[in-house]
Amino acid sequence: MSQILTPEERQTLETKFARLRTLMEPFLQEDDDWRLAAALTPPADSEAAYTRDAFGLHPLDLAIDTAIVLCDMVSPDRSMVIAVLLREAVHAGLLTEDKVRADWGDDIADIVSRLSRALSLYERHATVESDNFRRLLLTFAEDLRVIILMISGRLALMEAINHHPDEKRVAQVAYESGYLYAPLAHRLGLYAIKSRLEDLSLKYTDRETFTSIARKLNQTKVRRDAYIADFIAPVKAKLEAEGLKFDIKGRTKSIYSIWNKIKKQKTDVDHIYDLFAIRVIIDAPPEREKAECWLAYSIVTDMYRPNPARMKDWISIPKTNGYESLHITVKGPEDRWVEVQIRTRRMDEVAEKGLAAHWRYKGVKAEQGLDVWMKNVRDILETADTGPMELMKNMKMDVYNKEVFVFTPKGDLYRLPQGATVLDFAFNIHTGLGCRCIGARVNDRNCRINHRLSSGDTVDILTSNTQAPKRDWLNFVVTSKARNKIRTALKEQESRTAELGKELLQRRFKNRKIEIDEAALTRLIKRVGYKTATEFFARLGEETLDVNSVVDSYLELMEKPEAEKAVSAEEFVMHTPADQQPDNDILEISSGDGIVKGLNYKLARCCNPIYGDHVFGFISSEGVVKIHRKDCPNAANIRERYPYRLIRVRWSGKFGGQMAATLQIIGNDDIGIVTNISAIINREKNCSLRNISINSHDGMFDGYVTVGTGGNEALSALIKKIRTVKGVRDVKRVDQGGR
């Protein structure tokens, strides 16, 4: 295909450029026009420098169309228009970015560079219907003005490819426009561009539907125009009578919007009553904007009956996107509902071309981070003294600065968190790829697995069948998916290695004719510092733990006396020493005639009294006085049957020895809990541990501890301290007979 312009194309190009110069006149500097013409015109011997696109369009023709769209529909600054033209000269090799920077300044050069970088995404054959592509596009563009240039360029392209014979390619561009560029235009408040992109997208993807709706609109145009004129005439007269300066017009809804209503309401064009809206645009100074809008509102609603349910006041409280307008729906002639929009000239400019974002308007899905960023943009624009595009120079599209977007060699696009590595990317694609990853080719350069990726990188993962996950991989991956997959793989590896280690140990025991005691082996594993048997056997399998040393340690453990071996809570048993009876002078036994000397007495086993308890004496048939606690379980029966054998007793003097008392302790089953309880008892002055017996079930234990204690007060203090042990749920003193 010839790259050289035909005479007809050259004439068209010159005509368009002349029109563009007129549109640019308000912001062009001296000599800009001829300098641009010189920069864009190739030397005579390199006229074919420009390469036509896939549709056969000359890039300069498309660039001028884009600049015209900007001037007509966006109100751009000088840098944007010049940059969109110079970018084609740079792309064709006629200029360098350094030359642009030297001749035209940093701002224009930066836009050219960023626009080239963003447009280069299409060379990756990326899947544009992915949300990730849109995010990456915003990240690459950096400058909001670059996004506006790309949107305008897409509209210029869509206008140029009508009736192109390659319908499949046209449909693909139309799909991208509807999916990607129209929502972006909507979010930036470029309503006119958004509507046109949507209409063209429908036209190229479903020409039959588009043509059908357009034909019906044309058929009813005369009737619709007459209705609008009849509606407007009295309203216009009233507004003029109030001294308002305004424009009033009827606006037919876009074909795409009508098609959406047809689908939503499941009807046809003839039954859609709000095919058009009446718009009143008031010329008012800033301080009178709201007052004059509400005056117009009152005039319209006095003339036509309003529908309160459909009244929308976005003047008192503007939308979060900055959109301001009063929308009312009134019953017009022929009992037809008509929407009337009332706004000022400024508000209309923002709504049609505005840089205040049109987020979430009519259901466009929004992302929170972009919402916040665009709200900040709107706030800055509203308080700016300079032009809005001037402010855009220093605004970077850093809304996705916590993410990176990475391509596969085939053009598939993946989103990862900032700081993601080659290994994160590999695991994000497939677990097997991550486990075998040994590095990657990043932008045709060899990189290690811990290389951190940047947005726009093309990554080709390198693998080896001998590679296996390493524990140190966890030190540099950042995605939870990679961490979880690495941990799972490491556990599987450890299990396999543990099986090998267990077999190795069993063979060594068998060779040395040693019978394995599983309980003893478990104690050995704990003693050498491993939390689990799997970890222990895995170290044997890795040969980081010597199997012969393990066997020797096992034999040494088995040779130790049983008393020295560590035991579980349930296995813990402590033998009770011989019962200790108090000295005979620790109790005073009384009768009606006073203190009785020389009587023998014993502490009753049924209630096990200790020094300081409230007690009484019972004379047994052997003549020995049995000392019971007053709350002894047998006390009531004794008093009822043998009241004549009761005798008063009391503690006397000071007791320097120990008496046995039994405590019931309930808690969580843990061998450590026994150690902690024992330590507390042994630390107590004049207390000693005499016996422990433990029963465990379903993670709980019920234990009985016999202690030697100096008396009731010492025992109460000990109980309080045992209750503070972690895992202990209850402690109480019990009778030996009640166990």
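Heads up: the structure comes first, above all this text.
Below: a short report on this structure. Note that the structure is a prediction, hence the values are computed from the model and not measured. (Residues numbered from 1 in each chain as written. Predicted model: local features only at pLDDT ≥ 70, side-chain atom pairs only at ≥ 80, totals over all residues. Heavy atoms only, no water.)

**Some remarks on the packing of helix H5 (residues 97-104) against helix H6 (residues 106-119)**
- It is the contact of H5 with H6, at a shortest axis distance of 7 Å, that shows an interaxial angle of 150°. Here H5 lies roughly antiparallel to H6, going by the angle between them. Every pair of crossing elements has a handedness; the one defined by H5 and H6 is right-handed. In this structure, H5 uses Glu97, Val100, Arg101 and Trp104 to contact H6, whose residues at the interface are Asp106, Ile108, Ala109, Asp110, Val112 and Ser113. (Axes fitted to C-alpha atoms, helices over the stretch in contact; angles between N-to-C directions. Helix = DSSP H or I, 4+ residues; strand = E, 2+ residues; numbered from the N terminus. Parallel < 35°, antiparallel > 145°, perpendicular 65-115°, else oblique. Left-handed = near helix turned anticlockwise from the far one by under 90°. Contact = heavy atoms within 4.5 Å.)

**Brief notes about the nonpolar core**
- Ranked by internal contacts, the top residues of the largest apolar core, which has 66 residues, are Leu20, Leu85, Leu86, Val100, Ile151, Ile161 and Ile193.
- Sorting elements by how many residues they give to this core places helix H8 (residues 144-160) first, with eleven residues.
- Once you skip the residues sitting within four places of it in the chain, Ile193 turns out to touch Val69, Met73, Val74, Ile151, Ser152, Leu155 and Ala185.
- Core analysis: the next-biggest nonpolar cluster, separate from the first, contains 37 residues, Leu239, Tyr304, Leu326 and Val338 among them. (Core = buried A, V, L, I, M, F, W, Y, C linked by side-chain atoms within 4.5 Å. Buried < 20%, exposed > 50% of the residue type's maximum accessible area, 1.4 Å probe, protein only.)

**Re the pairing of strand S18 (residues 659-668)**
- With respect to burial, S18 is a largely interior element, eight of its ten residues being buried.
- In this sheet, strand S20 (residues 700-709) lies alongside S18 in antiparallel orientation, the contact comprising ten bridges. If you follow Met659 over to S20, its bridge partner there is Thr709.
- With six bridges connecting them, S18 and strand S21 (residues 728-734) associate as antiparallel partners. (Pairing = 2+ DSSP bridges.)

**Description of the sheet that holds strand S9 (residues 437-442)**
- Taken in spatial order, the three strands line up as S10-S9-S11 in an open sheet, and their pairing is antiparallel. Every interior strand has two partners, whereas the edge strands, strand S10 (445-447) and strand S11 (459-463), have only one. Each adjacent strand pair in this sheet contributes to an overall mean axis angle of 30°, direction not counted.
- As defined by bridge partners, S9 adjoins S11 across five bridges and the pair is classed as antiparallel. When the sheet's bridge partners are listed, Gly439 is paired in S11 with Leu462.
- Contacting S9 and S11, helix H18 (residues 422-429) runs over the sheet at an angle of about 105° to S9.

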